[in-house]
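Residue-level listing of the chains:
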Amino acid sequence: MSTGRVLFVGCGPGAADLLTLRAAHALQTADIVIWSPSLLHRDAVLTHTRAGAEIVEWPPATQHDIDAVFDRARLEGLLVVRLKGGDPTLFGDLERDVAAVRERGLACEFVPGISAHSAAAAALGATIATDRPVLIARASALPHGRAGDAVAVYSASRDAPALQRALLERGIPASTACTVAIEVSRPGEMLLTCRIDELAETLEDMARGLLTVVVVAPPNGPADGLQDVQPESDQKLDV
């Protein structure tokens, strides 16, 4: 079996100082780092990557190029770090890469990271999880469920009208407040509050194409920091 290894490393929601110590150590010891500018600023990667390590930028690198890196790791016994946003086990789309790594007989490890919804809650100074379940889902796959659950929705700006409909179909009242966390922890971070029935408009106006998480508290027991918005309110403010 090859002595090569591939580490799938969570680099957090984007702020350099939210890298974990384990993630920083992985970068310091890597022979090759596969990195995307959408995940983390290049300077943050260079700060922790050892001199002489190779950085593969994806894109423009393709999946074929990444497979070629795995081949080199197998043949040369290299340590490869594949950076992933947030926590790699949460919407990390790892199946294709993990299969390729294991087919080559490479050791495979996961380094957890800070998730975007955790960073959003911290920025709000709020507690999402209280005494009720928290549903964490992508906007494209929000399941039906109980209206009383807290909800954290990733990739929220991709189909804003569909997301708004899905939340209302869960039985969440239209007047319930939600928080829209845009580019959380990054220099352009915005935290907005709106009603569920204003969500599609808010996302389309403020978050088009940006990394966005929507947090909805249980309507019969809002999480700390999230308040129910009354029908006469037109609140859409920084919080």
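For the structure itself, look to the data block above.
## Overview of the sheet that holds strand β2 (residues 32-35)
Taking strand neighbours across the sheet as the criterion, the five strands line up as β3-β2-β4-β1-β5 in an open arrangement whose pairing is parallel. With partners counted over all chains shown, the strands left at the sheet margins are β3 (54-57) and β5 (107-111), one partner each. Each strand of the sheet is rotated relative to its neighbour by a mean of 20°, with strand direction disregarded. Judged from the three bridges that link them, β2 and strand β4 (residues 79-84) form a sheet pairing that is parallel.

## Structural notes on the pattern of salt bridges
It is possible for side chains bearing opposite charge to pair when their charged atoms get close. Under the defined criterion, the tally for this structure stands at ten salt bridges. With its nearest N and O atoms 4.0 Å apart, the salt bridge here joins R72 to E76. Remark: E76 and R72 occur in helix α3 (residues 63-76); sequence separation between them is four residues, near one turn of the helix. Across the salt bridge formed by D97 and R82, the nearest N and O atoms sit 2.8 Å from each other. Pair noted here: D97 is in helix α4 (residues 95-103) and R82 is in strand β4, with a separation of 15 residues, a long-range link.

## A word on unusual backbone geometry
A cis amide bond links W58 to the next residue, P59, at an omega of -15°. Relative to the helices and strands, P59 is located in the loop between β3 and α3. Following P59, the chain continues into P60 via a peptide bond in cis, with omega recorded as 20°. Assignment of secondary structure puts P60 in the loop between β3 and α3. A positive phi angle is found at F91, which is not glycine, with a value near 60°.

## Some points on the side chain of S185
Along the chain, the position of S185 falls in the loop between β8 (177-182) and β9 (190-195). Of note is the side chain of S185, whose polar atom sits 3.1 Å from the backbone nitrogen of A15. Those residues within four positions of S185 in sequence are excluded, and the remaining contacts are P13, G14, A15 and L18.

## Side note on the pairing of strand β10 (residues 212-216)
Along β10, five of the five residues are buried, which leaves the element largely enclosed by surrounding structure. Side-chain alternation along β10 places T212, V214 and V216 on one buried face and V213 and V215 on a second face that is also buried. With four bridges joining them, strand β7 (residues 150-154) and β10 adopt antiparallel strand pairing. Residue pairing for β10: A152 is matched across the bridge by V215.

## Some thoughts on the packing of α3 against α4
For the pair α3 and α4, interaxial distance at closest approach is 10 Å and the crossing angle is 30°. When the axes of α3 and α4 are compared, the crossing they make is right-handed. For the pair formed by α3 and α4, the contact residues are Q63, I66, D67 and F70 on the first element and R96, D97, A100 and V101 on the second. Within the contact of α3 with α4, the residues separate by chemical class into four nonpolar, one polar and three charged.

## Notes on the sheet that holds β8
Whether parallel or antiparallel, the strands of a sheet pair through hydrogen bonds between backbone atoms. What the five strands build is an open sheet, ordered β6-β7-β10-β8-β9; its pairing is mixed. Either end of the sheet is taken by a strand with one partner, and the two such strands are β6 (134-138) and β9. The average undirected angle you get between the axes of adjacent strands in this sheet is 20°. Those strands touched by helix α7 (residues 199-206) are β8, β9 and β10, and its axis lies near 155° from that of β9.

## Brief notes about the layout of surface pockets
Counted as a void, the largest pocket has a volume near 790 Å³. Listed by contribution, the elements that provide at least two residues to the lining of the largest pocket are β4 and β10. For the lining of the largest pocket, the per-class residue count stands at twelve nonpolar, eleven polar and seven charged.

## Observations regarding the state of the cysteines
Enumeration over the complete set of coordinates arrives at zero disulfides. You can see C194 has no disulfide; the closest cysteine sulfur is in C178, sitting 3.7 Å from it. Using a relative accessible area of 0% as the deciding quantity, one classes C194 as buried.

Conventions adopted
- Residues numbered from 1 in each chain as written.
- Predicted model: local features only at pLDDT ≥ 70, side-chain atom pairs only at ≥ 80, totals over all residues.
- Heavy atoms only, no water.
- Pairing = 2+ DSSP bridges.
- Helix = DSSP H or I, 4+ residues; strand = E, 2+ residues; numbered from the N terminus.
- Axes fitted to C-alpha atoms, helices over the stretch in contact; angles between N-to-C directions.
- Salt bridge = Lys/Arg side-chain N within 4 Å of Asp/Glu carboxyl O.
- Polar contact = N/O pair within 3.5 Å; in protein donor to acceptor, adjacent residues only side chain to side chain.
- Contact = heavy atoms within 4.5 Å.
- Buried < 20%, exposed > 50% of the residue type's maximum accessible area, 1.4 Å probe, protein only.
- Left-handed = near helix turned anticlockwise from the far one by under 90°.
- Nonpolar A, V, L, I, M, F, W, Y, C, P; charged D, E, K, R; others polar.
- 1 Å grid on protein atoms, 1.4 Å probe; cavity = no way out; pocket = protein on both sides within 12 Å on 5 of 7 lines; lining within 4 Å.
- Points joined across faces, edges and corners; volume = space filled by probe spheres on them.
- Disulfide = S-S within 2.5 Å.

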